[in-house]
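Residue-level structural notes
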Amino acid sequence: MTQPLLSVRNLSTRFRTERGTVRAVDDVSFDVAAGETLAIVGESGSGKSVTALSILRLIPDPPGRIEAGEIVFDGKDLLKLDDAGIRAIRGDRIAMIFQEPMSSLNPALTVGMQVGEPINLHRRSPWAFALDKATELLGKVRIPDGRSRLNSYPHQYSGGMRQRVMIAMALACQPQLIIADEPTTALDVTVQAQILALLKELTREANSAMILITHDLGVVARYADRVAVMYGGRIVETAPARPLYKTPRHPYTRGLMESVPRLDGDTERPLVPIDGQPPDLATLPPGCAFAPRCKMAVDRCRVERPPLVETMPNHHSACFFHDRV
Amino acid sequence: MTASDPVLRVRDLKVHFPITSGILARRQVGTVKAVDGVSFTVNRGETLGLVGESGCGKSTTGLAVLRMLDITSGTVEFEGEDITGYDRGRMRPIRRRMQMVYQDPYGSLNPRMKVADIVGEPLVVHGLATDRDKYRARVADLLRMVGLLPDMAERYPHEFSGGQRQRIGIARALALDATLLICDEPVSALDVSIQAQVVNLFMELQERLGLTYIFIAHDLSVVRHISDRIAVMYLGRIVEIATRDQLYKDPLHPYTKALLAAVPIADPELEAARGQQIISGEIPSALRPPPGCRFHTRCPVAMAVCKSIDPPMRDMPDGRAVACHLHGG
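Given the structure is predicted, the values throughout are model-derived calculations rather than measurements.

This part is about the interface of chain A and chain B. Residue-level contacts link 45 residues of chain A with 42 residues of chain B. Of the roughly 3,800 Å² buried between chain A and chain B on both sides combined, carbon and sulfur atoms contribute 57%. For chain A, the biggest contributors to the area lost against chain B are A:Arg222, A:Leu263 and A:Thr267; these three give 22% of the whole. At the surface where chain A touches chain B, the tally comes to four salt bridges.

This is how it looks when you write it as structure tokens:
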């Protein structure tokens, strides 16, 4: 097998809070191959966003801190780079798209300045060239009349258009990896479909890999090649998309799929909710984090952490009873 | 469901907001037509889903029905009574039977009030809390009804999770004798594993208490699960209103089709096989809606007539109604 583009090994990120140390990401390992789309799925507090921010070392310190692990990107451990080293990677080789385009764009700078900045910064291109390139990028993300819109400010764009600007910025330096953190959660469903299709098309064209962070199982099904399901700061299941949906091997994954209504679902069948609520990371139980909500849990699950093991080829589950789920 | 027992009848409802400019002499420079001619009926015991994207007017419609916003024109009839012109005093007895459940379980509960006081407040406001023991018993009943424990009454909202807070909001809405609940995005702020708990609670309560719902939401899968009939809104208008099966199996309006096609289904094999018909553009401003059919700027099958003539709502032989020149011109 060829070397993966990104290899995260035993990553742990913790935050100091008033209520003690919280392990937001706890011993997480995964790979991303060149050109593939990996979806990280989870609910609030599952650790999916902190995982993404950790890759680019964007965890505010204090209170946060990457405690342990390796993040090997293209042969280099990002955690060992100095500040200049990681800055050279951000926005150039790895780009990030955030959920809230309004708060991630600078309201005081024109769109042209913001889309052109990575080119000016990383390629040391003069501004005239960077702005030409920015026009081209706006065309790529289907913002019509790019040249004249370079001088507009973010507030003059709609929500969907702002997210297109974010994508243009992310694509500016043809990154090998794009991390998109809930890129369409704030958008309407028809605009969401436009933005995700565009993102998929452009990453495929540039052969960029993508980490797509979302809580929406439908979005995952439409766009991801592979999926990692997170719960309580850990990956509980990871597999290629089709087998994950067809034969989920973790009770949480299965529970999620049964609790979410589908557009083509049986309306006579009541939804099967997962009892209880997502865990509080400050007071995680010693065993499996899902045990308090799990219908299959036995005493062992409450005291012992189930490791992530291969249950079928390329399909891993962190459940003692993965073969019975 | 009896089609002959309407709880709510809304006819040609318009809610316009003036846009003013100037400091000393404020003059009107425009009008946002948030709701612009909406008609529908909700029958006893049924759930009418109100769907559409942000800015389509679905929440404004809900607020106007409750008379929490001024109605520009049209009529709202609740249990046979025309309440369009009612002032606050006359609305008060109506509000006992018509309540709202809000989206934000964090913002809609007063953090400084105990749960008992939040849930019991409607009883106090309406002068029904004269006997202390009865009041306490009623609050305990309400909490039990929504799946909370009566001894939680002495706690404050911050001690509860999002799902539990939404249950508190529902208990408050049921404190009086509500027959109609207007639920505005009641599950969209909740984690996916929690949404099903609250959806099931809504359905159980409906069956047990014979409630009627207007369920406002943007999530078409949730709306499909809970609704008997659905109205699809676009830029202040209903473009299609139909039973659940009609709408989801055989949508007629091009906007309904586009909305349904945009929703991804949690099945990778199905998604790979599904042709993706993604419409372009975004909802135009309600300040200057396009002439003719409001959807024509994004419609994949727009014709010349759509640019100039506004299609009226037409009743179809199968009982639904659609506003599109392709259907029944």
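Following the structure, the description resumes.
Attention shifts here to a nonpolar patch on the surface. On the surface, B:Val301, B:Met303 and B:Leu326 cluster together into a nonpolar patch covering about 230 Å² of accessible area. Topologically, B:Val301 is positioned in the loop between helix 10 (268-273) and strand 11 (314-315).

All names here are of chain A. Overall, mixed pairing links the eight strands, which are arranged 6-7-8-3-9-10-12-11 in an open sheet. Only two strands of the sheet have a single partner each, and these edge strands are strand 6 (94-97) and strand 11 (309-312). Taken over all neighbouring pairs, the strand axes of this sheet differ in orientation by 20 degrees on average, direction set aside. Where strand 10 (residues 234-240) and strand 12 (residues 315-317) come together, two bridges link them in antiparallel fashion. Paired with Thr238 across the bridge in strand 12 is His316. Lying over the sheet, helix 7 (residues 159-171) contacts strand 6 and strand 7 (177-181), oriented at roughly 175 degrees with respect to strand 6. The sheet strands contacting helix 11 (residues 251-259) are strand 9 (226-231) and strand 10, and the helix crosses strand 9 at an angle near 100 degrees.

Considering the arrangement of structural elements, one finds B:Gln197 in helix 6 (residues 192-209). Every residue in contact with B:Gln197, bar those within four places of it in the chain, is listed here: A:Pro273, A:Ile274, A:Asp275, A:Gly276 and B:Arg167.

As a further point, take the domain arrangement of chain B. Residue and element names in this part refer to chain B. The assigned domain composition of chain B is domain 1 (6-97 + 177-322) and domain 2 (107-176). For domain 1 versus domain 2, the separation of C-alpha centres amounts to 29 Å. Counting from both sides, the interface comprises 16 residues of domain 1 and, opposite them, 14 residues of domain 2. At the boundary of domain 1 with domain 2, total buried surface from both sides reaches about 1,300 Å², with 70% on carbon and sulfur atoms. For domain 1, the biggest contributors to the area lost against domain 2 are Arg92, Arg96 and Leu201; these three give 33% of the whole. Our count for the domain 1 to domain 2 interface comes out at zero salt bridges.

What counts and how
Residues numbered from 1 in each chain as written. Chains lettered and ligands numbered in written order. Predicted model: local features only at pLDDT ≥ 70, side-chain atom pairs only at ≥ 80, totals over all residues. Heavy atoms only, no water. Contact = heavy atoms within 4.5 Å. Buried area = accessible area lost by both parts, 1.4 Å probe. Salt bridge = Lys/Arg side-chain N within 4 Å of Asp/Glu carboxyl O. Patch = residues over 30% accessible without salt bridge, like charges linked within 9 Å, V, L, I, M, F, W, Y side chains within 5 Å. Areas by Shrake-Rupley, 256 points an atom, 1.4 Å probe, with all protein chains shown as cover. Helix = DSSP H or I, 4+ residues; strand = E, 2+ residues; numbered from the N terminus. Pairing = 2+ DSSP bridges. Axes fitted to C-alpha atoms, helices over the stretch in contact; angles between N-to-C directions. Domains from an automatic or database assignment.

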